[in-house]
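Examination of the molecular architecture
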Amino acid sequence: MKAHTIYISLVFAALLMVGRAQATGTVGDHVNDLQGNLENYTEEVNWIIDKVNGIVNTYEAKGREAAGADGVVDIWEAVDFHSAIETNNIPIYASIWQGLFGVKTTIDNEEPIANVREQQTMLEQSLWQALGAVKMAALYQQKGLLAAVENTRSSTPVETMDEIKQLLDRVVAKFAERLPDEATEIVHDTYLTRFEGVEGMLIEQDAALVEDLEKDFNVTLPLAIKDNLSVDEVRRVVQAMQAKLDHAKSLLVEAEKNRQDVF
């Protein structure tokens, strides 16, 4: 058996033990018919790879400004495959984000093209691994071994910000208890079941803030845990995120006030 097949099998063995995450907000009916959407997912993976390659090629030929590396994240979020990975709680979901921001960051920092290509290769590998994982999930789904994904609603958006901050405190606590896997799981679930539910409203107020927090949830904090930084260092990452969440909360409060004033 090939190494990547073993990896995917282990991922889904773990998935069956912990169950599927619910999604906050609408994720699309396609996630409950993975088998029927595999062709579309495959086309989307190829499309993502082609678009990212175009950005990298432009960077190589014309430089950072012409490349428009900010579009890397938009490409990922534009496809159904994004939700197919996310709602199945697949560990490589975070590695895709790390690859996306790896490409973006190396371009933004005007690093040598070899460095950018390295990040691009890592991203492509994660995408193909993820597609393989979704194909296996489709088999489990057909056998009735995966529960349907249900869209859920958290409390009010403002209250959700406070819930997220409390959950991030739990991340630090679990990391301090030397339970990094549990800490990482809380990060992922908090992003999926809390933050994604308010993203749409926040984007209307401050799109850059949303992108910054997406990076924190999917790259900065998971890597801090994975790299086994000190508890104080992980706490500083979390505190920085909580400060951004406070700002996000204030934006949501103001938006709600303006809405009430209009009506």
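Figured I'd write up the structure that's included with this text. (Residues numbered from 1 in each chain as written. Predicted model: local features only at pLDDT ≥ 70, side-chain atom pairs only at ≥ 80, totals over all residues. Heavy atoms only, no water.)

1. A look at the packing of helix α8 (residues 157-176) against helix α10 (residues 207-226)
At a closest axis distance of 11 Å, the pairing of α8 and α10 adopts a crossing angle of 25°. On the basis of the axis angle, α8 is roughly parallel to α10. Residues I164, L168, V171 and F175 of α8 form the contact with α10, whose own contacting residues are F217, L221 and I225. Partitioned by chemical class, the residues of the contact of α8 with α10 number seven nonpolar, no polar and no charged. (Axes fitted to C-alpha atoms, helices over the stretch in contact; angles between N-to-C directions. Helix = DSSP H or I, 4+ residues; strand = E, 2+ residues; numbered from the N terminus. Parallel < 35°, antiparallel > 145°, perpendicular 65-115°, else oblique. Contact = heavy atoms within 4.5 Å. Nonpolar A, V, L, I, M, F, W, Y, C, P; charged D, E, K, R; others polar.)

2. Let's talk about α10
End to end, α10 covers 28 Å across 20 residues, agreeing with the expected 28 Å (1.5 Å per residue, within 8%). In α10, a bend of some 45° at D216 exceeds every other bend along the element. When α10 is considered as a whole, its buried residues turn out to be L209, V210, L213, E214, D216, F217, N218, V219, L221, P222, A224 and I225. Its side-chain oxygen 3.3 Å from the backbone nitrogen of A208, D206 forms the N-cap of α10. (Expected span 1.5 Å × (residues − 1). Bend = angle between axes of the 7 residues up to and from the residue. Buried < 20%, exposed > 50% of the residue type's maximum accessible area, 1.4 Å probe, protein only. Polar contact = N/O pair within 3.5 Å; in protein donor to acceptor, adjacent residues only side chain to side chain.)

3. Considerations on the environment of Q141
Secondary-structure assignment places Q141 in helix α7 (residues 113-142). In this structure Q141 comes out as buried when scored by relative accessible area, which is 15%. Residues Q141 and L34 lie 107 residues apart in sequence; the distance between their C-alpha atoms is 7.6 Å. At 3.0 Å, the side chain of Q141 and the backbone oxygen of V31 are in polar contact.

Keep in mind these values describe shape, not function.
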